[in-house]
There are 2 protein chains.
Amino acid sequence: MTIQRKYKVLVVDDEPDIVELLEYNLEKEGYEVQTASNGKKALAIAKTFVPDLVLLDIMMPEMDGVETCRQLRQRTELANSFIIFLTARSEEYSEIAAFDVGADDYLTKPIRPRALMSRINALFRRDVQKTSPDEHDVIRIGDFVIDRTSYTLMKGEVQITLPKKEFELLYFLSSNPNKVFSRDDLLHHIWGADVYVLARTVDVHIRRVREKIGEDYITTVKGVGYKFEMPK
Amino acid sequence: MTIQRKYKVLVVDDEPDIVELLEYNLEKEGYEVQTASNGKKALAIAKTFVPDLVLLDIMMPEMDGVETCRQLRQRTELANSFIIFLTARSEEYSEIAAFDVGADDYLTKPIRPRALMSRINALFRRDVQKTSPDEHDVIRIGDFVIDRTSYTLMKGEVQITLPKKEFELLYFLSSNPNKVFSRDDLLHHIWGADVYVLARTVDVHIRRVREKIGEDYITTVKGVGYKFEMPK
DNA sequence: AGCTATATTTCACACACAATTAACTATTTG
DNA sequence: CAAATAGTTAATTGTGTGTGAAATATAGCT
């Protein structure tokens, strides 16, 4: 299976064998994996790693999976992440509590890698479908129709196809019209948190977009950043 | 309203080269940096400096990073600070101990400045999109709409985009209408506590704002300062 | 694999304009 | 009518941004 963006998975379990098994299989499937051996570490890592999926053992020393889950869910940046519990067949006690604190699914050990992988892959496939045929992928503003499904842009009757970054930039700016974003903001939303690119790169992309859609739509606010606005 | 304050970083490492590299890059990014070459000195500095972030080498003479971290964490004033460990790739021994004593993250040397900076910036960044539908950034007073998200000002039907300092000045004054602020107050709030600028500078900015919004809104109180008020 | 085209990032320089200072004038106040 | 404070305009400094071009990376194709 091929993954367009590299999804991030955080594996939390106190048994090194399990961690290793999961890590190996996930990386083979093309996921980016981080591991933690207890809840505290998981929370710490999640501060900078921001996983799309957390595999969480329920039984752990210090802070158990349920509590960890609760605290993870309090982070707004994890609102759209999946959390799957791992549980030994015996420990059924927690099933209900697990869903109460915001788990999306749970799996019983022993883990069968094949099954797990296909389940995880399915998770993200569904995720993709959910967001793709959505109405929200088209932004209409002024005489523009900005269509995320085709990466094209209609300015009146004229169709313009933009390359990825340029399109993302325009799309993001136009989805928050009149709001000023700093270059760092734009880098984080479009390039991603863990990509190390110079802020000046944004300038160049802004220029290219301006060349293609016209000079009057993206405004510079000196010392602050850029905003999209319709001219009067 | 709060202006981005200067975050403080304490760099602790016994290798001068590393310290210098980090210090240089952090200061270039606008952080206030103090350095220490071992754990004891770090603890001493932290008494008066109170860093928002500590970059802590694990392997150090006298007192190692783990122990230093533990003692730092006992200080209540550092409860909300970040602590990031620096570790050579080989010294994996300490990963677990590190999180146990309250580290937030760890990085392996060799250090890639750009990646590190981006990661640190991310730590202090508040999520952007979250704040977008918020109305709190808009001040409505009389026939003015002063919008911090777009750095624009509507006076009736007329839109005016102000440059950064001018906008901040107007925004600050108008968020406390009828209250008089001395030039020092304004410098302190808008320019920041540790910036040395002549108080006369405020006059000039006031002049510019008056030119753009009209002469009747910012009133001078001689011997005291300025205030924003709607004319009768 | 290699080649080509295109996208993306970096770099360097010039320029515009914001920010600050300076110099001078006007006004208030005791 | 001094002395102090603020207004005004101009000159200077400084920073941020625009721009073209070069360097890398990526994708598509034979």
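Residues numbered from 1 in each chain as written. Chains lettered and ligands numbered in written order. Predicted model: local features only at pLDDT ≥ 70, side-chain atom pairs only at ≥ 80, totals over all residues. Heavy atoms only, no water.

Re the pairing of strand 6 (residues 138-141) of chain A
Residue and element names in this part refer to chain A.
- Along strand 6, the buried face is formed by Ile139 and Ile141; none of Val138 and Arg140, which line the opposite face, is buried.
- Of the pairings in the sheet, the one linking strand 6 to strand 7 (residues 144-147) comprises 4 bridges and is antiparallel in character. Each bridged residue has a counterpart across the sheet, and for valine 138 the counterpart in strand 7 is aspartate 147.
- Where strand 6 folds back on strand 7, the antiparallel hairpin that results is connected by 2 residues, among which glycine 142 adopts a positive phi of roughly 60 degrees. (Buried < 20%, exposed > 50% of the residue type's maximum accessible area, 1.4 Å probe, protein only. Helix = DSSP H or I, 4+ residues; strand = E, 2+ residues; numbered from the N terminus. Pairing = 2+ DSSP bridges.)

Here's the deal with the pairing of strand 5 (residues 105-109) of chain B
Residues and elements named next belong to chain B.
- Because side chains alternate across strand 5, one face comprises the buried residues Asp105, Leu107 and Lys109, and the other comprises Tyr106 and Thr108, none of which is buried.
- The sheet contact formed by strand 4 (residues 82-88) and strand 5 spans 5 bridges and is parallel. Residue pairing across strands places phenylalanine 85 opposite tyrosine 106, the latter belonging to strand 5.

Description of the protein's contact with DNA strand C
- In the vicinity of DNA strand C there are 24 residues, among which Trp191, Leu198 and Thr201 of chain A together with Trp191 and Leu198 of chain B approach most closely.
- Counted by atom, the contact set of DNA strand C within 4 Å of the protein is 76% sugar and phosphate.
- Histidine 205 of chain B places a side-chain nitrogen or oxygen 3.5 Å from a phosphate oxygen of DNA strand C.
- Residue lysine 222 of chain B places a side-chain N or O atom 3.1 Å away from a base oxygen belonging to DNA strand C. (Near = heavy atom within 4 Å. Polar contact = N/O pair within 3.5 Å; in protein donor to acceptor, adjacent residues only side chain to side chain.)

Considerations on the interface of chain A and chain B
- Each partner contributes residues to the interface: chain A has 29 residues there, and chain B has 27 residues.
- When chain A packs against chain B, the two sides together hide about 2,400 Å² of surface, and 53% of this comes from carbon and sulfur.
- It is Lys41, Lys179 and Tyr196 of chain A that lose the most area in chain A upon contact with chain B, and together they represent 24% of the buried surface on that side.
- On inspection of chain A and its partner chain B, the count reaches 2 residue pairs in polar contact (both at pLDDT 80 or more).
- Contributing elements (two or more residues each) for the side of chain A that touches chain B: helix 2 (39-49) and helix 7 (183-191) of chain A. (Contact = heavy atoms within 4.5 Å. Buried area = accessible area lost by both parts, 1.4 Å probe.)

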